[in-house]
Amino acid sequence: NLIQGMAYCFFTDEYTVRIYSDETLGDYTPLTVQCASGKEDLGRRSIDRHQGQKIYQWKFCENFIGKSIYYCHFWWMGKSKRFEVFNSDFAKRKCTSGTCLWIVRNDGFYIDNELFRKSDKWYTW
């Protein structure tokens, strides 16, 4: 698993964004992800199931005005998609216990809501 940073929040909420590479992507074509927020680029990561990697995640503290935003760009099998994986308003409705879990499948992108024990498809490739 690829884990980036540890957050220690004093005056704001802590969040985790987790990107899960589903088995429908296969074991031999890695999912490539590059995420950023404003001036902070988290760098490009390869989630390679063949090497035992299934998850890329990072933790952060929400900014003081409560308007944190993260975007990710995804590449897989010649396909490409870029979208907002976190914003503060969205997180309050769709993230469970401070964790936003995105499941990347061969047909698109799902957000998992543990409270309702289901995954909702939000984007296609």
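Right above here is the structure, for reference.
Residues numbered from 1 in each chain as written. Predicted model: local features only at pLDDT ≥ 70, side-chain atom pairs only at ≥ 80, totals over all residues. Heavy atoms only, no water.

A. Just the state of the cysteines, in detail. For the structure shown, the criterion picks out two disulfides. Disulfide partner of Cys35: Cys72, at an S-S distance of 2.0 Å. Linking Cys35 and Cys72, the disulfide has an S-S dihedral of approximately 105° and is accordingly described as right-handed. Remark: Cys72 occurs in strand β6 (residues 69-76) and Cys35 occurs in strand β3 (residues 31-37); sequence separation between them is 37 residues. Judged by relative accessible area, Cys72 falls into the buried class, the value being 1%. Here Cys95 connects covalently by a disulfide to Cys100, the sulfurs 1.7 Å from one another. Classification of the bridge connecting Cys95 and Cys100 rests on its S-S torsion, roughly 90°, and on that basis the disulfide is right-handed. Cys100 matches Cys95 in its accessibility class, with the two residues each being buried. (Disulfide = S-S within 2.5 Å. Helix = DSSP H or I, 4+ residues; strand = E, 2+ residues; numbered from the N terminus. Buried < 20%, exposed > 50% of the residue type's maximum accessible area, 1.4 Å probe, protein only.)

Honestly, that's just the spatial picture; any functional story needs more than this.
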